Number of protein chains: 2
Amino acid sequence: MNRREMLKLSSYAVAAASAPAVAESAAPSGGGIVARWDCIELSFTGPASGNPFVDVALNASLRHKNRALTVEGFYDGDDSYKVRFMPDELGEWTWTTASNNPSLNGKSGAFLCVAPGEGNRGPVSVRDDYHFGYADGTPYVECGTTCYAWAFQARETQRQTIDTLSTSPFNKLRMCIFPKWYEFNRQEPPMYPFPRSGGVNDYSRFNAAYFQHFDRLILELRHIGVQADLILFHPYDKWGYQSMPAEVDDRYLRYVIARFSAYRNVWWSLANEYDLMKAKTNTDWDRYARIVGDYDAFGHLRSIHYSRHQYEYWRGWCSHAGVQDSRMDLGASWRQDWRKPLVFDECRYEGNIASRWGNLSGDAMTRRFWQATAQGAYCGHGETYLWPDGILWWSHGGVLHGTSPARIAFLRKLLEETIALGTGPIGFTSVAEDPMGARRTNDSVIFYYFDEHQPAEQTYLLPAGKTYTAEYIDTLKLTRTPLPGEYSGKATVKLPGTPWGSLWFREKGVV
Amino acid sequence: MNRREMLKLSSYAVAAASAPAVAESAAPSGGGIVARWDCIELSFTGPASGNPFVDVALNASLRHKNRALTVEGFYDGDDSYKVRFMPDELGEWTWTTASNNPSLNGKSGAFLCVAPGEGNRGPVSVRDDYHFGYADGTPYVECGTTCYAWAFQARETQRQTIDTLSTSPFNKLRMCIFPKWYEFNRQEPPMYPFPRSGGVNDYSRFNAAYFQHFDRLILELRHIGVQADLILFHPYDKWGYQSMPAEVDDRYLRYVIARFSAYRNVWWSLANEYDLMKAKTNTDWDRYARIVGDYDAFGHLRSIHYSRHQYEYWRGWCSHAGVQDSRMDLGASWRQDWRKPLVFDECRYEGNIASRWGNLSGDAMTRRFWQATAQGAYCGHGETYLWPDGILWWSHGGVLHGTSPARIAFLRKLLEETIALGTGPIGFTSVAEDPMGARRTNDSVIFYYFDEHQPAEQTYLLPAGKTYTAEYIDTLKLTRTPLPGEYSGKATVKLPGTPWGSLWFREKGVV
């Protein structure tokens, strides 16, 4: 930072001091200094009478040089109005509010956006058509898991979930905003999203405390580098949230977007199993997609999840396909059809419950990750071991018991070892007979997954003019065995002839 | 046998003595006595000049009471003409020949068909829509393997193949009538089906010795109780047999039918990978099917095998579907669509060669058998381990090296333990969440295959009014563990929570 910047910085610091109080410690106050891709929160006092959720409109226009953005504010209860923003450019930003309430209208200020701190790589977006990357350029190797209803568990379980995630391979968490009523999930949540009395929801208001709790959880995930894949609607409901009036759905979406979209780790999933929500039509889903598109100023990743009727992922609004499917072998062709990243968000879970979707062996769950990876797609984990205290990771969080997470960590490490090579995405290639071979487009790394096959040797046509070393990997035993010699041109490789192997070619002198 | 039958028998024995000589020790001579479903061969001397294969027409009409059948005869070289017949009814049969050659015309005789000896259960046909049974009523649990080109190997290897088969679980063998030119199969056969000189085939004649060799092999298979699934055409050819003139194809089919159809263990497969035979059209395949239908007087089982373009198995001519496919999970729906027995004749092989179709692990091969079985279908085995002497079971026969045969034997034994219960076929049921549960229609045996799933318990709705015992089977470790207690109605079963298991309910007092 040079002297002139330091001067500027100190003047912003003064401005910050006179700004409204900060609600979240992780969100710098309006005015002042904010790190790139962090959340700045402008906080105002306004009317508490009437129904501020419906009566009061508030937004802020933000400018950076010649660029202007508008984000909606929201009422957070107790006279408090907030506007949240995630600056994506370094330097000075100015802001002005507009409101139908004079006390909130025409406020203005400025803040300085500075370089992000360690661990802050910005939001994730699509990279190289089929892949993901952080805004700072770092590739993001998607590696997700699922704790649908962790937000409604005891605080102690939530802390345990964060601890578990922080040492796990998982960098995305699928989670519901509405509470869940389902097998293993038969209890009332500690709070409701709308005021509720005698079984009746007051859909005209939000329960600010309910959403403040989600602020906390999303920020805890952000702190440990985990993407929060927020599921906006789902059918496992006994309270009425799956069949609210259309104007309530829309207000809910705008409220959630106003609150959460300034958190860089947010992804939107319109629904879990949208096709099981009988009260909703395709027109509704189109409208929800449009609302997310219109009000999310930051363009977070967005998708939708199905049960039986596969969603039309070619539609323009979705950034990627987040499928529920176990037909792993169709990955390569779907990816090609849709021209987007493909994530097998749900392909059954490791566990031992009675339902087929929740009793895969750890080997089988691991296999799915490799099958997806070798087709240039991504996979999702979940765990459903019956545990005496009734805590199943898949819904409640807590701790992990299975054998797949260590194997998934091993796979993620393998992928990340070489992904920093830069521009080359992992892409599907037809070099192998079957679609279980993948390589970086720059050909520096080429790998094959043998799945249930056990060839004693294989012959490859390696890219011209390059020399490779080879490594044989046992994807279940987690052994890495360098193979003797160097390989180029038409190369025959002797292999151990065991199943669940993977062969990695790495370009000599490059990797 | 009563006294009157004994008298009759002795008169036939006299008749036999004056009949032409017997070419095959396993085929009783024309006249005399033949066991039900054995082959009786009428042998005549006729003209050797000109081209007997084309010039001479010969058939025999056979009568049993009011039933009449006609079968074609064939020229076997060296002045020798033969008519073969497999009587399917006990008692007296009479026969009369018809020929355009006076020396073969109007011959007649009679023979007595007596009860079959041990191990002779008659030919296999379709039973209970989706299954197979021997003509004597014994169920036939199809359990096939493949040695495409064993007929062209050293005689020592052929003997070894028979030895191996006789102690294996396999009761059907897929084998080509034409020699094979393909990977691992790059040598000239010891004989050719047509006279061949300077690379030119004389399609107007057959090489009788070539087909006599097949007589021998089919009878050796018959002797050890193995069905010979004869593949009539295939594309892996360097000699011209894949693209012969239409009239040669037709003459070849009639010759093969005349020679082999009186062997009770014959099945017809029109082709291996019919869709790779570019010289043939759908009209050709229709014609071949009609020829088999017209000239095979015994109605042997008949199907066709594809590579990429699935055959339309709903067509009336095929008795069963003999698919090449690894999409095991589609078994139940295909079976339902086609309303025929479904055999996954080729679903890749256990082995370690470079090609994906030939390097499944033994576990994976075993899994396919269980997947097919649990859908009420059947599976086919093959083995392609690289062996120093270049003998791969899948094509050459020899010995087996893999881990799946013992597991397949275990499965076949399990199925056969209870199949003698009689009328109840193993049928697909939707009792389970996924289509991996099957039961006899009489509900005395109900079983589930858990595949890659590992439930710690499952709840079943057992058929009303019946009480069952339960057994847990590890399909890979081959352990059988009786589960404590009895089960009826809505029954919850505690399970070990390991993958590759199978649960068997057997009705108490019945099984």
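Residues numbered from 1 in each chain as written. Chains lettered and ligands numbered in written order. Predicted model: local features only at pLDDT ≥ 70, side-chain atom pairs only at ≥ 80, totals over all residues. Heavy atoms only, no water.

1. Points about the interface of chain A and chain B
Next up, step 1: Listed per partner, the contact involves 31 residues of chain A and 31 residues of chain B.
Next up, step 2: Surface buried jointly by chain A and chain B totals about 2,400 Å² across both partners, of which 42% is contributed by carbon and sulfur atoms.
Next up, step 3: There are two salt bridges connecting chain A and chain B.
Next up, step 4: For the salt bridge of Glu452(A) with Arg368(B), the shortest nitrogen-to-oxygen distance reads 3.2 Å. (Contact = heavy atoms within 4.5 Å. Buried area = accessible area lost by both parts, 1.4 Å probe. Salt bridge = Lys/Arg side-chain N within 4 Å of Asp/Glu carboxyl O.)

2. Remarks on the domain arrangement of chain A
Residue and element names in this part refer to chain A.
Next up, step 1: Each domain of chain A was delimited in the assignment, giving domain 1 (3-114), domain 2 (142-419) and domain 3 (429-507).
Next up, step 2: Centre-to-centre separation of domain 2 and domain 3, based on C-alpha positions: 34 Å.
Next up, step 3: Tallying the contact residues gives 18 residues for domain 2 and 21 residues for domain 3.
Next up, step 4: Between domain 2 and domain 3 the total buried area reaches about 1,700 Å² when both faces are included, carbon and sulfur atoms providing 67% of it.
Next up, step 5: Between the two partners, domain 2 and domain 3, sit four salt bridges.
Next up, step 6: Of the charged contacts, one joins Glu-452 and Arg-367 as a salt bridge, the two residues approaching to 3.8 Å between their closest N and O atoms.
Next up, step 7: Going through the elements one at a time, helix H8 (362-374) and helix H10 (404-419) are the ones with two or more residues in the side of domain 2 that touches domain 3.
Next up, step 8: The element that contributes the greatest number of residues to the side of domain 2 that touches domain 3 is H10, accounting for nine residues.
Next up, step 9: Tallied by class, the residues present in the side of domain 2 that touches domain 3 amount to eight nonpolar, five polar and five charged. (Domains from an automatic or database assignment. Helix = DSSP H or I, 4+ residues; strand = E, 2+ residues; numbered from the N terminus. Nonpolar A, V, L, I, M, F, W, Y, C, P; charged D, E, K, R; others polar.)

3. Regarding helix H3 (residues 155-166) of chain A
Residues and elements named next belong to chain A.
Next up, step 1: Its twelve residues give H3 an end-to-end C-alpha distance of 17 Å, which sits within 8% of 16 Å, the value for a rise of 1.5 Å per residue.
Next up, step 2: Taken residue by residue, H3 has Thr-157, Gln-158, Thr-161, Ile-162, Thr-164 and Leu-165 as its buried positions. Down the axis of H3, the sector holding all buried residues measures 165°, keeping them to one side. Facing away from the buried side of H3 by more than 90 degrees, the exposed set consists of Glu-156 and Asp-163.
Next up, step 3: Buried residues along H3 sit against strand S11 (144-146), strand S12 (172-176), helix H4 (208-223) and helix H9 (393-396). (Expected span 1.5 Å × (residues − 1). Buried < 20%, exposed > 50% of the residue type's maximum accessible area, 1.4 Å probe, protein only. Arc of directions from axis to C-beta.)

4. With respect to the sheet that holds strand S8 (residues 124-127) of chain A
Residue and element names in this part refer to chain A.
Next up, step 1: The three strands lie next to each other as S8-S9-S10, forming an open sheet whose pairing is antiparallel. Each end of this open sheet is capped by a strand with a single partner; those strands are S8 and strand S10 (139-140).
Next up, step 2: Pairing between strand S9 (residues 131-134) and S10: two bridges, direction antiparallel. Within S10, the position partnered with Gly-133 by the bridge is Pro-139. (Pairing = 2+ DSSP bridges.)

5. Considerations on the environment of Val399(A)
Residue and element names in this part refer to chain A.
Next up, step 1: Looking at the secondary structure, you find Val-399 in the loop between H9 and H10.
Next up, step 2: In this structure Val-399 comes out as partly exposed when scored by relative accessible area, which is 34%.
Next up, step 3: If near-sequence neighbours (up to four positions away) are discounted, Val-399 is found in contact with Gln-160, Thr-164, Glu-383 and Trp-393.

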